[in-house]
Amino acid sequence: MVEFDVVVIGAGHAGCEAGYATAKLGYKTCLLTINLDVVGQMSCNPAIGGLAKGHIVREIDALGGLMAKIIDKTGIQFRVLNKSRGPAVQSPRAQADKVMYRIEMRKTLEETENLFLIQDIAQEIVVKNAKVEGVMLESGNFIKCQKVIVSTGTFLGGKIFIGDKCYPAGRTNEIPSLTLADNLKDLGFKLTRFKTGTPARVHRDSIDFSKMERQDGDEPPFFFSFDPPERKVEQVPCYLTYTNEKTHEIIFKNIHRSSLFSGLIQGVGPRYCPSIEDKLKKFPDRERHQVFLEPESRFTVEYYVNGVSTSLPVEVQYEYLRTIKGLENVEILRPGYAIEYFSIDPLTLKVSLESKEIEGLYFAGQINGTSGYEEAAGQGLIAGINAALSLRGEEPVVLGRDQAYIGVMIDDLITKGVDEPYRMFTSRSEYRLLLDHYTADKRLMPIGHRVGLVSDERYAKMLKKYETIEKYCKEVLPLSLKKVLTEGFFKVFSEIDKGKTPTFEKLLKRPDISFEKIKPYLKEDYNTSYFIEVETTVKYKGYVDRELKRVKKTKNLEKIKIPENFNYNISGLSREVREKLERVKPQNLAQASRIPGVTPASISIIYLALTKKKR
C-alpha cells in the first residue's frame, strides 16, 4: 500500500491539468495512466484552440494552468480566427506538433514537485461511508488517498469500430479501462454510451499539395499565454481541398457498411463534429464538404485529414479519399475509426465537480459528457483546484457565467445535463461581450493568484497592464485628434468631420475606424501595445454596460440560496418541475432558473417559499 493526498485517474488533457493543480498547491498527487508514453496525447486532431475553445485555453492560462504554455512552446502554426469580426468571437487556434506537445507535457509534469506519474490501471475506487478511501489497481497495489479525480477520456469501456470490425480500446491499439466502469455502476452512477470518431492519417509524400489551397499562419504568431515565450516559429502550412460528387457516390454506395449505420454503434455522437457519412445523410444536397490537410508533427510524415472522420471499412476509406483533389494517390498510415465510451450523468455533480453522493470523488473531461481537449482541460483544472481547496478546508472556486466560458460549461453540465457530447461555442454564453479572450487575465488571474497557482510577480504584471490601459483611456482618449494624430491622417481620412469627431475617443467609436488603420498616423507619445483592449473598451462600452446590468440582476438571484434538503413539494409547482429540481438540487435561485423546463412562475413560487421561511 502507498499513500497520496490525491489520485488522478487518466493522464489526458483533463488529468494533466488536475494533477498539476493539486501538486502545485502542495498536495502529494499520483497521476495514474495506462501508458506513460502517451501522457497528454492528442487522440484526435493535432490542434489546440478554435472558436470558443481558444477562449478556454486563455482562461486556463489566466488561472495558472498548463495548456497554453505547452502549445505555445510546441505549436507549428498560429492563427486568430474571426479576425474580421468583433473581439468577443475572435479566437486563437494553433496547429500542434503532437509529438513535441506530448513530450513537453510529460517533461513539465515530471518536473512538478509533489507529482508522481505511475503506469497502472485503476480497477476500483474504494468508498466507505460515502467517502473516498483509495484506489485499487489491477497490479494488486492499493493507493490510499483522500481525493480521487476521474478523467478517463474515451478509455472507460472504450470500443473501436471500423466497418464490421470492433474491439475494446481506449485509443487505437491501446487497452481500455473495463473494470472501473463496473465499479462506478456499483457506486450508483448511471453510465451513458457516447461516441466520437477520427479520420485517417495519411503519408505526406502521397499528397499533391499543388492541387490544394495553401493556408498559412498569422505573422507574427499570436500565442495563447499571457506570458508568451520568446521563440521564433517557422510556421508549417495547412492545405484545403474538398469532397466531390464521386466521393459522395462511393460513401453512399457503402454507407450500410459504416459501423454508424449498420447498427453496431449504439452511442450518441457529437452533433457538431459528425463523420463524413453522417454529413452526407444530413446534408444530401451539399455538393462538397471542406477537407483540411493538417501536419501532425515536424518529425513525422503523418497528415490528419480533417473533415472526413469515418467508421467505414479501410478499403472504402482508400476508395473515397482517392477521389479528392490532391489525394488521388494517397496512402493511409492509420485508418479512421469511431469509438464508443462511457460517461456519467453530470447532473450528479456539484458545481465544484465533486460527486453529490460521494465525498472526495471528482470527475473531469469526457466522462462528464464533453468533447474536446480544451473543454476537458478546463474541467480538469477546476476539479484539481477544488480538490486541493477541500483538503485545505476552504470553499471551492465557482466561476460565474459572466466570468469565464469554463464557468458557462460547468454550469451547463451540472444544471442542464447532456444527451449528446457537449462542445463549447461562444453562443452558449449570454454574456459573451464580457468574455473576450483578451481580458481573461483581468477576470481570472486574481482567482489563480488567490489559490496559489499564479505567482506574485505574474499577478503584479497583470495589475500593471490594466493600470496602464486605464491611464491611457483617461488621459489620451479625451484628447483632440490634432494632438494625437499626424497631419498625414487628415489627408488620408479627409472625409472625417472634425466637428462631429472632436476627440480621439469619438474617432475610435466609429465602426469604420480601427487602431490598426490609424496606427501609422499616431504620434509616438500616444502609441500603446494594448490597442486591442483600448479599442474594445471604447467601441463596446454601451453594450458592455448593458450586460453588466443583466449580470447584476442574476447576482441578486444567486444571493438567494436554496438549502440542500429543501422540500420542493410546494403548491403551484408541477410534478415535472419538482422532479427536475430534486434531481439537480440547485444551490441558488439563479441556477434553478437555468434548469430546462423551470419557468419564471416556478422561480417566483420557490422565492416566496424561501422568503416565507425566513420571516
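Please refer to the structure higher up on the page.
In this convention, every chain numbers its residues from 1, walking through the sequence in written order. Local features in this predicted model are restricted to residues of pLDDT 70 or higher, and side-chain atom pairs are both shown and tallied only at a pLDDT of 80 or more, whereas totals for entire chains, interfaces and linings draw on every residue. Water and hydrogen atoms were dropped before computing side-chain values, which therefore reflect all heavy atoms in the structure.

Helix and strand content of the protein chain: 22 helices and 22 strands. Values of the radius of gyration come from C-alpha atoms, whereas the globule rule sets the reference at 2.2 Å times the count of residues to the power 0.38. Scaling as 2.2 N^0.38, a compact globule of 615 residues should have a C-alpha radius of gyration of about 25 Å, and the protein chain matches this with 26 Å. Considered along the principal axes of its C-alpha atoms, the protein chain spans approximately 75 × 75 × 50 Å. When accessible area is computed with a 1.4 Å probe and restricted to protein chains, residues below 20% of their type maximum are described as buried, those above 50% as exposed, and intermediate ones as partly exposed. Looking at the protein chain as a whole, 57% of its 615 residues are labelled buried. If you take every contact in the protein chain between residues at least 6 apart in sequence, the share linking residues at least 24 apart comes to 73%. When the accessible area of the protein chain is evaluated, it comes to approximately 27200 Å², of which 49% is carbon and sulfur surface. The positive count covers Lys and Arg only, the negative count covers Asp and Glu only, and His and the chain ends enter neither. Every charge is mapped to an atom, namely NZ of Lys, CZ of Arg, CG of Asp or CD of Glu. The average position of the 92 basic charges and that of the 81 acidic charges among the side chains of the protein chain differ by 5 Å. Think of it this way: any DSSP run of H or I at least four residues long counts as a helix, any run of E at least two long counts as a strand, and we number them from the N terminus. We call two residues in contact when some of their heavy atoms are within 4.5 Å. In these tables, accessible area is a Shrake-Rupley quantity obtained with a 1.4 Å probe, and a residue counts as shielded only by the protein chains included in the view.

To continue, consider the state of the cysteines. In this description, the term disulfide denotes a pair of cysteine sulfurs within 2.5 Å. Under the counting rule described, the total for this entry stands at zero disulfides. Free of any disulfide, Cys16 has its nearest cysteine sulfur in Cys30, 13 Å distant. Judged by relative accessible area, Cys16 falls into the buried class, the value being 1%. Distance from the sulfur of Cys145, which forms no disulfide, to the nearest cysteine sulfur (Cys30) is 8.5 Å.

On to helix α9 (residues 314-321). One turn of an α-helix holds 3.6 residues; hence residues three or four places apart share an orientation. For α9, the set of buried residues is Val316, Gln317, Tyr320 and Leu321. Axial view of α9: buried residues confined to an arc of 125°, hence all on one face. In the core, the buried residues of α9 are packed alongside β12 (159-162), β15 (201-203), α6 (245-254), α8 (276-282), β19 (302-306) and β20 (332-334). It is the directions from the helix axis to the C-beta atoms that the arc portrays.

The next thing to look at is the environment of Phe226. Following the sequence through the fold, Phe226 ends up in the loop between β16 (213-215) and β17 (238-242). Considered as a pair, Phe226 and Ala68 are 158 residues apart in the sequence and their alpha carbons are 8.8 Å apart. Leaving out residues up to four positions away in the same chain, Phe226 has contacts with Arg58, Asp61, Ala62, His437, Tyr438, Ala440, Asp441, Met445, Arg458 and Lys465.

Let us now look at the sheet that holds strand β8 (residues 122-128). When DSSP locates at least two bridges between a pair of strands, those strands are taken to pair. A sheet is described by the order of its strands in space; here four strands give the open sequence β1-β10-β9-β8, paired in mixed fashion. Edge positions in the sheet fall to β1 (2-3) and β8, since each of these pairs with one other strand and no more. By the bridge criterion, three bridges tie strand β9 (residues 131-137) to strand β10 (residues 142-144) in an arrangement that is antiparallel. Residue pairing across strands places Met136 opposite Phe142, the latter belonging to β10.

Let's shift gears to unusual backbone geometry. Note the cis peptide between Glu219 and Pro220, where omega equals -5°. Tracing the backbone shows Pro220 in the loop between β16 and β17. Not every positive phi belongs to a glycine, and Ala130 is a case in point at roughly 60°. Along the chain, Ala130 turns up in the loop between β8 and β9. Residue classification places Ala130 among the partly exposed positions, given a relative accessible area of 40%.

This paragraph deals with the packing of aromatic side chains. Two aromatic rings from Phe, Tyr or Trp, using only the six-membered ring of Trp, form a pair when their centres are within 6.5 Å; if the ring planes differ by under 30 degrees the pair is stacked, by over 60 it is edge-to-face, and anything between is tilted. Counted by the stated rule, this structure contains 14 aromatic pairs. With a centroid separation of 5.3 Å and an interplanar angle of 85°, the aromatic rings of Phe489 and Phe490 are classed as edge-to-face. Judged by its relative accessible area of 0%, Phe489 is buried. Taking the relative accessible area as the measure of exposure, Phe490 reaches 14% and is therefore buried. With a centroid separation of 5.9 Å and 85° between ring planes, the pair formed by Phe504 and Phe515 is classed as edge-to-face. Of the two residues, Phe504 is situated in helix α16 (residues 504-509) and Phe515 in helix α17 (residues 515-518); the sequence distance between them amounts to eleven residues. Both residues of the pair, Phe504 and Phe515, count as buried. Connected via pairs of aromatic rings, a cluster forms that spans Phe489, Phe490, Phe493 and Tyr521. Note that Arg58 overlies the ring of Phe226, its terminal NZ or CZ placed 3.9 Å from the centroid. A ring is scored as having a charge over it whenever the NZ atom of a lysine or the CZ atom of an arginine sits within 6 Å of its centre and within 35 degrees of its normal.

The pairing of β8 with β9 spans six bridges and is classified as antiparallel. Directly across from Glu124, in β9, lies its bridge partner Met136. From the end of β8 to the start of β9, which pair antiparallel, there are two residues, and Asn129 there has a positive phi angle of about 55°.

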